[in-house]
Amino acid sequence: MRVVKEYMRPQCKVTIFQWNGKYLVKLEKGLIEQTYKIPELDLTSEAELEAILSESFMQKAEKRFSEMMQDLQTAIQEAL
């Protein structure tokens, strides 16, 4: 697995990997992660990955992070 790029956005940390014919886009915020797999053949260049991580996409990911964290907190409370 090769790290293509790693950087911070206001919403989260972004790491892009290249592995097994796919790009893996990993978004991390605190205890929560989201990973998206994109076949290399769907892109003509690595630069297109930046376009995929548009502001609209990142806003939706931020909303998902909030929902995931709420789900985790609820599950922990129910388990205790």
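Worth saying up front: this structure is predicted, and the values here are computed from it rather than measured.

**Q** Can you tell me about the overall build of the protein chain, naming the residues and giving the values?
**A** The number of helices and strands found in the protein chain is 2 helices and 4 strands. Each helix (α) and strand (β) of the protein chain, taken in turn from the N terminus, gives the series β-β-β-β-α-α. Taken along the three principal axes of its C-alpha coordinates, the protein chain extends 50 × 25 × 20 Å. Buried residues in the protein chain amount to 28% of all 80 residues. Residue pairs at least 24 apart in sequence account for 38% of intrachain contacts in the protein chain once pairs closer than 6 positions are excluded. Averaging the positions of the 11 positive and the 13 negative side-chain charges in the protein chain gives two centres separated by 1 Å.

**Q** Could you give me a rundown of the sheet that holds strand E4 (residues 32–39), with the residues and numbers involved?
**A** Read across the open sheet, the 4 strands follow the order E1-E2-E3-E4; overall the sheet is antiparallel. Edge positions in the sheet fall to strand E1 (2–8) and E4, since each of these pairs with one other strand and no more. For this sheet the average axis-to-axis angle between neighbouring strands, irrespective of direction, equals 15°. Note: E1 against strand E2 (residues 13–19), 6 bridges, orientation antiparallel. Each bridged residue has a counterpart across the sheet, and for methionine 8 the counterpart in E2 is lysine 13. Docked against the sheet, helix H2 (residues 55–79) engages E2, strand E3 (22–29) and E4, running at close to 135° with respect to E4.

**Q** Give me the environment of isoleucine 32: which residues, what numbers.
**A** You can see isoleucine 32 is positioned in strand E4. With 30 residues separating them in the primary sequence, isoleucine 32 and arginine 2 have C-alpha atoms 22 Å apart. Those residues in contact with isoleucine 32 that lie beyond four places of it in its chain are Leu27, Phe65, Met68, Met69 and Leu72.

**Q** Please give an account of the packing of aromatic side chains that cites residues and values.
**A** With the rule as written, the count across this model stands at 1 aromatic pair. Ring geometry for tyrosine 36 versus phenylalanine 57: centroids 5.2 Å apart, planes at 70°, classification edge-to-face. Placement of tyrosine 36 in strand E4 and of phenylalanine 57 in helix H2 is noted, with a sequence separation of 21 residues between them. The partly exposed category is assigned to phenylalanine 57, whose relative accessible area is 21%. Geometry around tyrosine 7 places lysine 5 over its ring, the cationic atom sitting 5.1 Å from the centre.

Reading the values: rules and limits
- Residues numbered from 1 in each chain as written.
- Predicted model: local features only at pLDDT ≥ 70, side-chain atom pairs only at ≥ 80, totals over all residues.
- Heavy atoms only, no water.
- Helix = DSSP H or I, 4+ residues; strand = E, 2+ residues; numbered from the N terminus.
- Buried < 20%, exposed > 50% of the residue type's maximum accessible area, 1.4 Å probe, protein only.
- Contact = heavy atoms within 4.5 Å.
- Lys, Arg positive; Asp, Glu negative; His and termini not counted.
- Charge placed at Lys NZ, Arg CZ, Asp CG, Glu CD.
- Pairing = 2+ DSSP bridges.
- Axes fitted to C-alpha atoms, helices over the stretch in contact; angles between N-to-C directions.
- Phe/Tyr/Trp six-rings, centres within 6.5 Å; stacked < 30°, edge-to-face > 60°.
- Lys NZ or Arg CZ within 6 Å of the ring centre and 35° of its normal.

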